[in-house]
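Below are the chains, spelled out letter by letter.
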Amino acid sequence: MSLIPASISSAVADRAKIFGTLETLVIGAAGGLLFLWINLPGGLISGAMVAVGFAALSGRPVTMPPVLTQAVLVLLGITLGSLVSRQLIQHMSAYPLTIGLLALATFCTTFGSSFYLQRFHGWDQTSALLAGSPGALSQITMLAAEKGADVAAIAVVQTMRVIILTAALPLLLALTGIASTAPVEVASLIASPVELAVLAAAAVAVALLLRLAKFPASWMFGAMIASSVLHGTDLIEGGLPPWMRGVALVGIGAVIGTRFARISKSTLLSHINAGLGSFAVAIAISAVFVTVIVLSTTVRFADVVVAFAPGAMDAMLALALTLHIDPIFVGAHHLSRFVFVSITTPGIVHLFGRPQEDVDD
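Not measured: the values here are computed from a predicted model.

To continue, consider the confidence of the model for the protein chain. Caution is warranted with low-pLDDT regions, since their predicted coordinates should not be read in detail. When pLDDT is averaged along the protein chain, the result is 82; 87% of the residues meet or exceed 70. Contacts of residues 181-187 to residues separated by more than four positions or lying in other chains number 16 contacts, the stretch itself having pLDDT below 50. In the model, residues 356-361 has pLDDT below 50 throughout and makes five contacts with residues more than four positions away in sequence or in other chains.

Written out as structure tokens, the structure reads:
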């Protein structure tokens, strides 16, 4: 029996979580400001992610509680919604074609990465298919546990893909001159306190409705929809203050970086080659489809690259914000891929993975 009263143990645990959260925010802000100071593209998000990721791997108790993560996603959604204008929907006629190609690209990426993991790293079919599936990490993890797959290995491969894309994609686009390194001008006006209150209330209300409907990424998309409607109808003209946008980007970077806190060093090192190789295969396959779209449509190359990048929705939309990229196009495609992966992956695993009796042995 413990000699420490439960109330004291709970208080100590709560204090540790608070200090861990504060440490995460400080580390993330420091990393983001450093990357911003040296003028790296997407500096706030990538700097925060890299700094928090290194802290996690070094054993620091980095953490972002759900309420803070939700607040960050709402801020990000409001900012993305403030970018909406009539000009941004000019390429909507191309959406059926590009979304159809995205579904095909997702299918090819899943099987291409799976083949690589089985052929070169000896993975079993189920684990390889789940690791090769781009996006929907929560659903993939639950399905992996249910099917008896290697959850830790899958988490390493999926996490590495998000981390590499978030860090490298803005740098690649800037170095090639495709995207600007300059900070994005989101809104020339800052909303008044009353308008900010209306934005926040509408964003939370729509997000809660989407959450009740089990809509994916409900906090971010709910806030984005509410902000889009309010700005698109000219009910509100101003956006969030720059410091709030900075907080959202640092927060998203910190959230991504904390994923490493759930992975031990030994697990990471044992699967790092599989993660890098699988990432290379996924990027090569995606590049083929990006090339087809660029040659056959009028959609901007940078928009297609971020829309087809096999990363997390929140991270890719945050990059869209920092790189002058159409958030509607990117959001529509990442949402489509999330739905496609969520619906088809269980069937793919059932048809091509290990038989259930093998898993139970």
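Its location among the elements puts Thr166 in helix α7 (residues 151-175). We classify Thr166 as buried; its relative accessible area is 0%. Residue contacts for Thr166: discarding those within four places in its chain leaves Ile45, Ser46, Met49, Ile256, Ala315, Met316 and Leu319.

So, on to the nonpolar core. Ranked by internal contacts, the top residues of the largest apolar core, which has 82 residues, are Leu76, Leu169, Phe221, Ile252, Phe308, Met316 and Ile325. Listed in part, the 16 residues of the second largest apolar core include Ala131, Ile140, Ala153 and Val341.

This part takes up the pattern of salt bridges. Scanning all chains against the criterion turns up two salt bridges. Between Arg300 and Asp303 there is a salt bridge, with the nearest N and O atoms lying 2.9 Å from each other. Using a relative accessible area of 40% as the deciding quantity, one classes Arg300 as partly exposed. Assessed through its relative accessible area of 2%, Asp303 is described here as buried.

Taking 1.5 Å per residue, 15 residues should reach 21 Å; helix α2 (residues 43-57) reaches 21 Å between its end C-alpha atoms and fits that length. With 11 of 15 residues buried, α2 lies mostly within the body of the structure. When α2 is considered as a whole, its buried residues turn out to be Gly43, Leu44, Ile45, Ser46, Gly47, Ala48, Met49, Val52, Gly53, Ala55 and Ala56.

Turning our eyes to something else, we now look at the packing of aromatic side chains. If you walk through the whole model with that rule in mind, you get two aromatic pairs. One Lys or Arg, Arg119, reaches over the ring of Phe120 and ends 5.5 Å from the middle of that ring.

Another aspect to go through is a nonpolar patch on the surface. On the surface, Ile18, Phe19, Leu22 and Leu25 cluster together into a nonpolar patch covering about 390 Å² of accessible area. Structurally, Ile18 can be placed in helix α1 (residues 6-37).

Procedures and definitions
Residues numbered from 1 in each chain as written. Predicted model: local features only at pLDDT ≥ 70, side-chain atom pairs only at ≥ 80, totals over all residues. Heavy atoms only, no water. pLDDT = per-residue confidence, 0-100. Contact = heavy atoms within 4.5 Å. Helix = DSSP H or I, 4+ residues; strand = E, 2+ residues; numbered from the N terminus. Buried < 20%, exposed > 50% of the residue type's maximum accessible area, 1.4 Å probe, protein only. Core = buried A, V, L, I, M, F, W, Y, C linked by side-chain atoms within 4.5 Å. Salt bridge = Lys/Arg side-chain N within 4 Å of Asp/Glu carboxyl O. Expected span 1.5 Å × (residues − 1). Phe/Tyr/Trp six-rings, centres within 6.5 Å; stacked < 30°, edge-to-face > 60°. Lys NZ or Arg CZ within 6 Å of the ring centre and 35° of its normal. Patch = residues over 30% accessible without salt bridge, like charges linked within 9 Å, V, L, I, M, F, W, Y side chains within 5 Å. Areas by Shrake-Rupley, 256 points an atom, 1.4 Å probe, with all protein chains shown as cover.

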